[in-house]
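Listed below are the residues making up each chain.
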Amino acid sequence: MAVARRKLLQSRQVGSLLLFLCVSLGGAATIRYSVAEEMESGSFVANVAKDLGLEVGKLAARGARLVSEGNKLHFRLHRKTGDLFVKEKLDRESLCGKADPCVLHFEIVLVEPLQSFRAEVRVFDINDNAPIFPNKEPLLKIPESTPLGSRFPLQSAQDLDVGLNGLQNYTLSANTYFHLHTRFRSHGPKYAELVLDKPLDREVQPEVNLTITAVDGGSPPKSGTAHIRVEVLDVNDHVPQFSRLVYRAQVPEGSANGSLVATVTATDLDEGSNKEIIYSLAQNPEAILQTFHIDSETGEIRLRGPLDFEAIETYDLDIQATDGGGLSAHSKVLVEVVDVNDNPPDVMVSSVSSPFPEDAPLETVVALFSIRDRDIRVGGKITCFLREDLPFAVKPTFRNSYSLVTDRGLDREEVSGYNITLVAMDTGPPNLSTETVIEVLLSDINDNPPVFQEDSYILTVQENNSPAVFIGKVHAEDLDLGENAQVTYSLLPPKSGDLSVFAYISINSDNGKLYALRTMDYEAIQDFQFVIKATDGGFPSLSSQVTVRVVVLDDNDNCPMILYPLQNGTLPCNDLVPRSAEAGYLVTKIVAVDGDSGQNSWLSYHLLKATDSGLFSVQQQNGEIRTLRQISERDPMVQKLIILVHDHGQPALSTTASLNILLVDGFSEPYLQFQYPSKHPTRVNPSTKYLVISLAVLSFLFLLSVTVIFIIHIYQKIKYREKITIQEHFYDDCNFPNHLLQGANGSLSQPCHYEMCSATGTGTSEFRFLKRFMPNFPFPQGTGEVKTEAGSSLPPDSDRNRSQGPECHARVANDYM
């Protein structure tokens with residue numbers, strides 16, 4: 001039984017020789033194998049352990065695995081025995097197309113220690129495809145006057161096999177008119193030409209049927225046939241002639257569809273319809289018809305599909321020019337695809353060690369990877385480097401294979417992990433590159449204190465808040481891991497003399513949320529600050545501090561306060577208004593303030609109630625009370641006004657002010673506004689006219705007396721001035737020397753009389769200094785007067801008189817006047 005099994009095993013080994021199995025070791029540690037296509041899944045290829053010089057079982061112990069350079073792995077490895085098997089049936093035509101040889105590359109990666117071996121398997125072709133004609137029944141139209149020896153190219157047969165198994169020869173069925181001549185293309189399959197041996201005669205035989213057979217070189221050979229129908233045309237003397245027998249063109253790969261490749265031209269000496277030429281791509285493979293298109297009228301050849309130098313480098317186009325009589329001529333266009341650098345290098349990572357110990361020594365291998373570039377001719381040399389300055393370096397191992405090793409010491413506290421960007425770049429032009437990111441994580445110790453997100457915090461809280469209200473949050477982060485990154489928050493005690501922060505603020509030690517413990521009052525404190533400490537959970541623990549400033553926002557909790565007129569509840573405030581006042585006369589001004597700030601302190605004034613609402617108005621912005629119309633005799637003497645003052649807070653608060661206005665006659669002229677002359681003549685009572693004249697005479701006599709007295713006084717003063725000291729000068733402009741003031745309170749050292757003149761709408765004024773010389777001179781009640789320290793008083797509307805008068809002079813008289 002054992003002998004029979006040994007013979008069966010030997011017969012299988014002999015069968016494997018029929019599959020062209022061969023193993024070769026050499027050349028930069030690359031293992032090469034060969035296998036025939038169409039091998040079933042599970043077919044034995046070779047023993048990898050033996051070829052690597054490893055003992056049986058070492059592959060499993062070192063975690064051996066296969067890494068393909070492509071997207072798919074076609075083999076599988078038995079780790080225990082080291083045998084390499086076919087994973088699925090191999091089809092050389094689908095794997096490599098027309099490329100020969102067909103080589104599949106992969107790597108054998110071992111770990112512990114990390115090691116990689118390159119391997120390749122060559123797939124040999126077998127004769128499993130027969131030649132096929134794309135057009136099973138081609139039609140040839142040949143004129144009966146075609147000279148002997150004329151050649152007519154036929155469509156090439158397509159055979160997916162390569163080498164001896166590919167297309168080898170053509171045969172033609174027996175006939176008396178044609179024989180077959182096989183020709184070779186510079187790039188592409190063989191093609192056949194029909195050669196005319198006997199003149200054609202349409203009247204004798206209008207159609208000739210032929211059978212062409214394409215045969216490959218396999219064993220046994222395979223073949224394919226096509227039926228050619230030759231239609232004999234009537235006489236057409238001249239055949240189109242191309243300007244060239246062979247056209248050549250170069251087109252860069254990646255050119256856009258519609259790009260011009262070449263232009264062919266042909267001429268025909270015939271006339272009429274026989275001179276009209278139609279161009280076509282006749283007898284060309286399907287790949288050419290899908291890639292190129294020719295304009296039937298102009299002969300322009302343009303792209304209709306993409307060009308890829310890596311797939312096809314050269315195209316051989318057969319151009320046919322046919323005139324209106326059916327005569328045709330042929331020419332060739334050789335299109336050379338120019339390789340451009342349009343494929344970036346491919347980076348294939350075989351293995352990565354992550355997480356990686358931060359205390360690993362220098363030159364320790366972190367990852368293994370390889371690089372491949374499809375643009376071999378124009379891509380040039382491939383360079384590999386790291387985009388950023390990282391503690392790693394790229395070290396080449398063997399051809400197109402590299403290892404990533406440590407270049408400097410690692411520190412997880414500085415960088416917890418690395419995203420290493422590998423850049424593979426060719427030399428172009430243009431330079432194309434590929435970036436591949438390898439993530440390497442490191443391991444931790446407690447050497448990072450908590451760090452607050454901001455250098456300082458500014459929080460806001462509305463006054464009159466409820467206790468324990470949330471006002472904000474602080475946050476600190478620790479770069480460590482685990483318990484080393486757990487942060488707790490606490491308030492630091494204030495410095496001596498500062499506000500006790502513990503009475504106002506509380507903090508959640510886990511999340512850093514801050515709460516106000518008591519109600520805030522903006523009028524008492526506008527802001528305060530304190531320090532928060534963040535401590536991690538490491539050993540020893542680390543901490544950091546941050547300053548927090550709390551700003552109290554104002555709330556509308558203060559009603560407006562009336563400063564003028566005084567609202568003491570006992571003595572009413574009266575203002576006098578002459579009955580001769582015109583509309584717009586300024587009566588007085590309401591002055592109020594608000595203890596709040598911002599919009600809450602903006603005040604508005606409104607007339608809430610009045611004896612006659614149509615007589616007075618209140619300016620909403622400044623509180624000025626003015627007359628709306630001229631006062632009549634029918635208006636009551638006492639006018640009571642109630643003014644509403646409210647702020648702009650939400651909600652708004654308000655206060656009322658009461659004011660009594662007395663309408664009087666014979667009011668002193670300085671209190672009257674300037675009366676413009678009437679535009680309309682008024683009738684004057686004769687008695688009034690006499691009264692006015694009398695008053696004018698009396699005023700003239702009065703002024704004359706005053707002038708004489710004043711001149712006498714001035715004369716006496718000039719005479720006496722020589723006897724007094726320099727301290728007793730007469731000051732006309734009230735610019736007092738410094739020695740007249742006592743200390744820093746700004747009071748006068750001796751009594752001085754301030755005599756003020758104010759101009760109103762009448763354009764006249766009163767000389768107040770006459771009071772000194774005429775003590776019994778009657779002055780109107782309520783006139784503006786400024787007294788000295790012995791009895792100082794300031795009228796309520798003194799500011800108004802100063803603002804309305806066009807000029808105000810101050811005179812000072814000393815005790816000698």
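Values in this document were obtained by computation on a predicted structure and should not be read as measured data. (Residues numbered from 1 in each chain as written. Predicted model: local features only at pLDDT ≥ 70, side-chain atom pairs only at ≥ 80, totals over all residues. Heavy atoms only, no water.)

## Looking at the overall build of the protein
Put simply, the rule is: Put simply, DSSP marks the helices as runs of H or I at least four residues long and the strands as runs of E at least two long, and each gets a number from the N terminus on. Think of it in three bands: residues with accessible area under 20% of the maximum for their type are buried, residues over 50% are exposed, and the middle band is partly exposed, with areas taken using a 1.4 Å probe on protein chains only. Computed by Shrake-Rupley with a 1.4 Å probe, the accessible areas treat only the displayed protein chains as cover when residues are assessed.
Looking only at helices and strands, one finds 9 helices and 53 strands in the protein. Burial analysis of the protein (817 residues in total) assigns 39% to the buried set. Summing over all exposed atoms, the protein offers an accessible surface of approximately 46100 Å²; the carbon and sulfur share of this is 54%.

## Observations regarding the sheet that holds strand β39 (residues 527-536)
Where we set the bar: In this description, strands pair whenever DSSP reports at least two bridges between them. For helices, the fitted axis covers only the stretch in contact; all axes are lines through C-alpha atoms, and the angles between them, taken along N-to-C directions, range from 0 to 180 degrees.
Strand order in the open sheet made by the 4 strands is β33-β40-β39-β36, with mixed pairing throughout. Each edge of the open sheet carries a strand with a single partner, namely β33 (456-462) and β36 (487-491). The sheet shows a mean angle of 30° between the axes of neighbouring strands, taken without regard to direction.

## Topic: a nonpolar patch on the surface
Definition in use: For patch building, the residue pool is restricted to those with more than 30% relative accessible area and no salt bridge; the joining distance is 9 Å between like charges and 5 Å between nonpolar side chains (Val, Leu, Ile, Met, Phe, Trp, Tyr). The working definition used for a salt bridge is a side-chain nitrogen of Lys or Arg within 4 Å of a carboxyl oxygen of Asp or Glu.
Where nonpolar side chains cluster on the molecular surface, the patch consists of Tyr 690, Leu 691, Ile 693, Leu 695, Val 697, Leu 698, Phe 700, Leu 701, Leu 704, Val 708 and Ile 712 and spans about 1100 Å² of accessible area. Within the element layout of this structure, Leu 701 appears in helix α7 (residues 686-721).

## Regarding the pattern of salt bridges
In this structure the tally under the stated criterion is 16 salt bridges. Across the pair Glu 300 and Arg 302 runs a salt bridge whose closest N-O atoms are separated by 3.0 Å. Accessibility expressed as a relative area gives 26% for Glu 300, which makes it partly exposed. As a salt-bridge pair, Arg 387 and Glu 435 come within 2.1 Å of each other at their nearest N and O atoms. Here Arg 387 is found in the loop between β27 (383-386) and β28 (392-398), whereas its partner Glu 435 is found in strand β31 (residues 433-441), with 48 residues between them in sequence. Taking relative accessible area as the criterion, Arg 387 reaches 48% and is therefore assigned partly exposed. Since its relative accessible area comes to 43%, Glu 435 is described here as partly exposed. A cluster of three or more residues bridged by salt bridges with shared partners is formed by Arg 151, Arg 183 and Glu 193.

## Comments concerning the environment of Glu 253
This is how it is decided: Between two residues, a contact is recorded if the distance between any of their heavy atoms is within 4.5 Å. Whenever a nitrogen or oxygen atom comes within 3.5 Å of another N or O atom, the pair is scored as a polar contact, on the condition that within protein one atom can donate a hydrogen and the other can accept it, and that pairs from neighbouring residues in sequence are kept only if both atoms are in side chains.
Looking at the element boundaries, Glu 253 is found in the loop between β17 (246-252) and β18 (260-263). Residues Glu 253 and Leu 307, spaced 54 residues apart in sequence, show a C-alpha to C-alpha distance of 4.9 Å. Contact partners of Glu 253, with chain neighbours within four places excluded, come to Leu 307, Asp 308, Phe 309, Glu 310, Val 337, Val 338, Asp 339, Val 340, Asp 342 and Asp 375. Reaching out from Glu 253, the side chain makes a polar contact with the backbone nitrogen of Phe 309 at a distance of 2.8 Å.

## Examining unusual backbone geometry
A cis geometry characterises the amide bond from Ser 219 onward to Pro 220, with omega recorded as 0°. When you line up the elements, Pro 220 lands in the loop between β14 (207-216) and β15 (223-233). Following Ser 354, the chain continues to Pro 355 via a peptide bond in cis, the omega torsion being 5°. The topology assignment puts Pro 355 in the loop between β25 (346-352) and β26 (365-372). In the Ramachandran plot, Glu 38 falls in the positive-phi region, its phi being about 65° despite a non-glycine side chain. Looking at the element boundaries, Glu 38 is found in the loop between β2 (30-36) and β3 (44-47). Judged by relative accessible area, Glu 38 falls into the partly exposed class, the value being 27%. The phi angle at Asn 400 is positive, at roughly 65°, despite the residue not being glycine. Looking at Asn 400, the relative accessible area reads 28%, which means it is partly exposed.

## Brief notes about the confidence of the model for the protein
The line we're drawing: For every residue, the predictor states its confidence as a pLDDT score lying anywhere from 0 to 100.
Here the protein averages 77 in pLDDT, while 79% of its residues score no lower than 70. Confidence drops under a pLDDT of 50 for residues 1-28, and excluding neighbours within four residues, the segment shows 24 contacts in the predicted structure.

## Considering the sheet that holds strand β30 (residues 417-425)
Spatially, β27-β30-β31 is the arrangement adopted by the 3 strands of the open sheet, whose pairing is antiparallel. Looking at which strands have only one partner, the edges of the open sheet turn out to be β27 and β31. Each strand axis lies, on average, 20° off the axis of its neighbour in the sheet, ignoring direction.

## Focus: the packing of aromatic side chains
Selection rule: Only rings of Phe, Tyr and Trp enter the pairing, Trp through its six-membered ring, and a pair is recorded when the two centres are within 6.5 Å. The plane angle decides the type: under 30 degrees is stacked, over 60 is edge-to-face, the rest tilted.
Counted under the stated rule, the structure contains 11 aromatic pairs. On the numbers, 6.0 Å between centres and 70° between planes, the contact of Phe 44 with Phe 85 is edge-to-face. Within this pair, whereas Phe 44 is found in strand β3, its partner Phe 85 is found in strand β6 (residues 83-86), the two being separated by 41 residues in sequence. In this structure Phe 44 comes out as partly exposed when scored by relative accessible area, which is 41%. Taking 5.7 Å as the distance between ring centres and 45° as the angle between the ring planes, the aromatic pair formed by Tyr 504 and Phe 528 counts as tilted.

## As for the environment of Pro 221
Position of Pro 221 among the secondary structure elements: in the loop between β14 and β15. Using a relative accessible area of 53% as the deciding quantity, one classes Pro 221 as exposed. Separated by 92 residues in sequence, Pro 221 and Asn 129 place their C-alpha atoms 10.0 Å apart.

## Quick look at the nonpolar core
The cut-off we apply is this: Take the buried Ala, Val, Leu, Ile, Met, Phe, Trp, Tyr and Cys residues and link them wherever side-chain atoms come within 4.5 Å; each set so joined is a nonpolar core.
Formed by 27 residues in total, the largest nonpolar core has its most connected members in Leu 514, Phe 530, Ile 532 and Val 548. Going through the elements one at a time, β33, β36, β37 (505-507), β38 (513-516), β39 and β40 (543-553) are the ones with two or more residues in this core. What Val 548 contacts, discounting residues up to four positions off in sequence, is Tyr 457, Leu 459, Val 474, Leu 514, Phe 528, Gln 529, Phe 530 and Ile 532.

## Here we look at the pairing of β27
Burial along β27 is one-sided: the face carrying Cys 384 and Leu 386 is buried and the face carrying Thr 383 and Phe 385 is not. Alignment of β27 against β30, held across 4 bridges, turns out to be antiparallel. Within β30, the residue paired with Thr 383 across the bridge is Met 425.

## Looking at the environment of Glu 454
Structurally, the position occupied by Glu 454 is in the loop between β32 (451-452) and β33. Along the sequence, Glu 454 and Val 546 sit 92 residues apart, while their C-alpha atoms lie 8.2 Å from each other.

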